[in-house]
Amino acid sequence: MTRRVIGIGETVLDIIFKGEQPLQAVPGGSAFNAIISLGRAGIPAYFISETGNDRVGQWVKRFLRENGVDDSGVCVFPDSKSPISLAFLDENNNADYLFYKDHPHDQLDFVYPEIHEDDVVIFGSFFAINPVVRPQVAGFLDYAHRQGAILYYDLNYRASHKNDLLRVTPNIIENLEIADIVRGSNEDFEIMYRKNDADSVYRSEISFYTKKFIYTRGAQPVELRAEGGFAKQYPVKTGGEVVSTIGAGDNFNAGIVFGLIKHGITRSDIDRGLSEQQWDSIIGCGLRFSANVCQSLNNYIDPEFGKQINQ
């Protein structure tokens, strides 16, 4: 049976600035960016989200379909405006964000998609812990876990939610407990725990809940930690001029998920513990996806790269 990826997360319109001038506007969102890239890489994909009943919402749904992603799980609310994100690139083309959201009746009203054993669910950011939609998100994650899916969790905790941390910590812990693989960045853990090295984060905040942990820190090497004391570093290769780092982490996630499917890695494999060769293969895919997206202002891999990597 063909394996499928199901993403669940927010949708936004990203307006990208350099200095004070807008350069481009593209549909975005953390899990959204990953699912678009997976669709472009030929992986059957489905997306669960919400959007407003406006031109942006129509654009988001159309963009999903155009990139091979089933958009039937995207709720459209007639009295809501679609969220907007302003991304300001600095001299190194790293982004600082401002978010604008007007969803007076936030909710998720969707029918669970069909999920089979070894399908992959990708989730994360504040959407995955937001108390307003948490009952629906938690119910879906539990359903996917019971169906035998692999759950990939990217914390992606923004500074704008720093004051919410105490309120949402129980939801974060529930996500860590149910996830098969967890990814987080140095920025996430500095905001959440005031820790900035992989070993201390893994020992004190992650390993009690899950053993498979990927720690990223921009252009610095990716750190992997897993059961049995396994630890390894992976150098980051940009592959060319860095035009924008927007979507780099999201596409690293997409590459990891692509690698799980391409290399036939199942949830039972993950439960038993992956070999160094298996980790090398899937993290290598993550690095390739991330490097490609940094070479443009888009939030996802380019279509030609998607065709090439799936050959």
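Remember, predicted model here, so these are calculated numbers, not experimental data.

Cut-offs used in this document
Residues numbered from 1 in each chain as written. Predicted model: local features only at pLDDT ≥ 70, side-chain atom pairs only at ≥ 80, totals over all residues. Heavy atoms only, no water. Salt bridge = Lys/Arg side-chain N within 4 Å of Asp/Glu carboxyl O. Helix = DSSP H or I, 4+ residues; strand = E, 2+ residues; numbered from the N terminus. Buried < 20%, exposed > 50% of the residue type's maximum accessible area, 1.4 Å probe, protein only. Expected span 1.5 Å × (residues − 1). Bend = angle between axes of the 7 residues up to and from the residue. Contact = heavy atoms within 4.5 Å. Phe/Tyr/Trp six-rings, centres within 6.5 Å; stacked < 30°, edge-to-face > 60°. Pairing = 2+ DSSP bridges. Axes fitted to C-alpha atoms, helices over the stretch in contact; angles between N-to-C directions. Right-handed = clockwise from strand over helix to strand, strands pointing away.

Asker: I keep staring at the pattern of salt bridges and nothing clicks. Help me out?
Answerer: Opposite charge on two side chains makes pairing possible when the charged atoms of those side chains draw close. A complete count under the given rule lists 15 salt bridges for this structure. Linking Glu66 and Arg62 is a salt bridge whose minimum nitrogen-to-oxygen distance equals 3.8 Å. Note that Glu66 and Arg62 are positioned in helix α2 (residues 55-66) at a spacing of four residues, about one turn of the helix. Judged by its relative accessible area of 56%, Glu66 is exposed. The closest approach of N and O atoms between Glu276 and Lys232, which form a salt bridge, is 2.7 Å.

Asker: When you look at helix α4 (residues 165-178) in this model, what are you seeing that I'm missing?
Answerer: Three or four residues apart is the spacing at which side chains of an α-helix point the same way, because the helix has 3.6 residues per turn. For α4, spanning 14 residues, the distance from its first C-alpha to its last is 19 Å, which sits close to the expected 20 Å at 1.5 Å a residue. Along α4, the helix axis deviates most sharply at Asn171, where the bend reaches about 25°. Within α4, burial applies to Leu165, Val168, Asn171, Ile172, Asn175, Leu176 and Ile178. Residues of α4 that are buried sit in contact with β8 (120-124), α3 (134-146), β9 (150-154), β10 (181-185), α5 (186-193) and α6 (198-206).

Asker: Would you mind showing me how to read the packing of aromatic side chains here?
Answerer: The description of an aromatic ring pair uses the distance of the two centres, along with the angle that the planes make with each other. Taken as a whole and assessed by the stated rule, the structure comprises 18 aromatic pairs. Measuring from centroid to centroid gives 5.4 Å for Phe258 and Phe289, while their planes differ by 40°, and the two rings are tilted. Of the two residues, Phe258 is situated in helix α7 (residues 248-262) and Phe289 in helix α9 (residues 276-293); the sequence distance between them amounts to 31 residues. Aromatic rings pair up to connect Phe189, Tyr193, Tyr202, Phe213 and Tyr215 into one cluster.

Asker: I'm lost on the sheet that holds strand β1 (residues 5-8) in this one. Help?
Answerer: Strands in a sheet are paired, the pairing made by backbone hydrogen bonds, and the direction either parallel or antiparallel. Taken together, nine strands build an open sheet; the order of strands is β5-β4-β1-β8-β9-β10-β11-β12-β13 and the sheet is mixed. Of all the strands in the sheet, the pair left with one neighbour each is β5 (69-77) and β13 (230-234). Sheet twist, expressed as the average angle between the axes of neighbouring strands with direction ignored, equals 15°. Direction of pairing for strand β12 (residues 220-226) relative to β13: antiparallel, over a ladder of five bridges. If you follow Arg225 over to β13, its bridge partner there is Ala231. Contacting β1, β4 (45-52), β8 and β9, α3 crosses the sheet at an angle of about 155° to β8. Packing of α7 onto the sheet brings it into contact with β1, β8, β9, β10, β11 (213-217) and β12, and relative to β9 it is tilted by some 165°.

Asker: Help me understand the pairing of β10 in this model?
Answerer: Along a regular strand, successive side chains alternate from one face of the sheet to the other. Within β10, five of the five residues are buried, which leaves it mostly tucked inside the rest of the structure. Where burial is concerned, the two faces of β10 agree: the one with Ile181, Arg183 and Ser185 and the one with Val182 and Gly184 are both buried. Where β9 lies against β10, three bridges are found, and the strand directions are parallel. Bridge assignment links Asp154 to a residue of β10, and that residue is Arg183. Taken together, β9, α4 and β10 constitute a β-α-β crossover, and its handedness is right-handed. Pairing of β10 with β11 involves four bridges; the strand directions are parallel.

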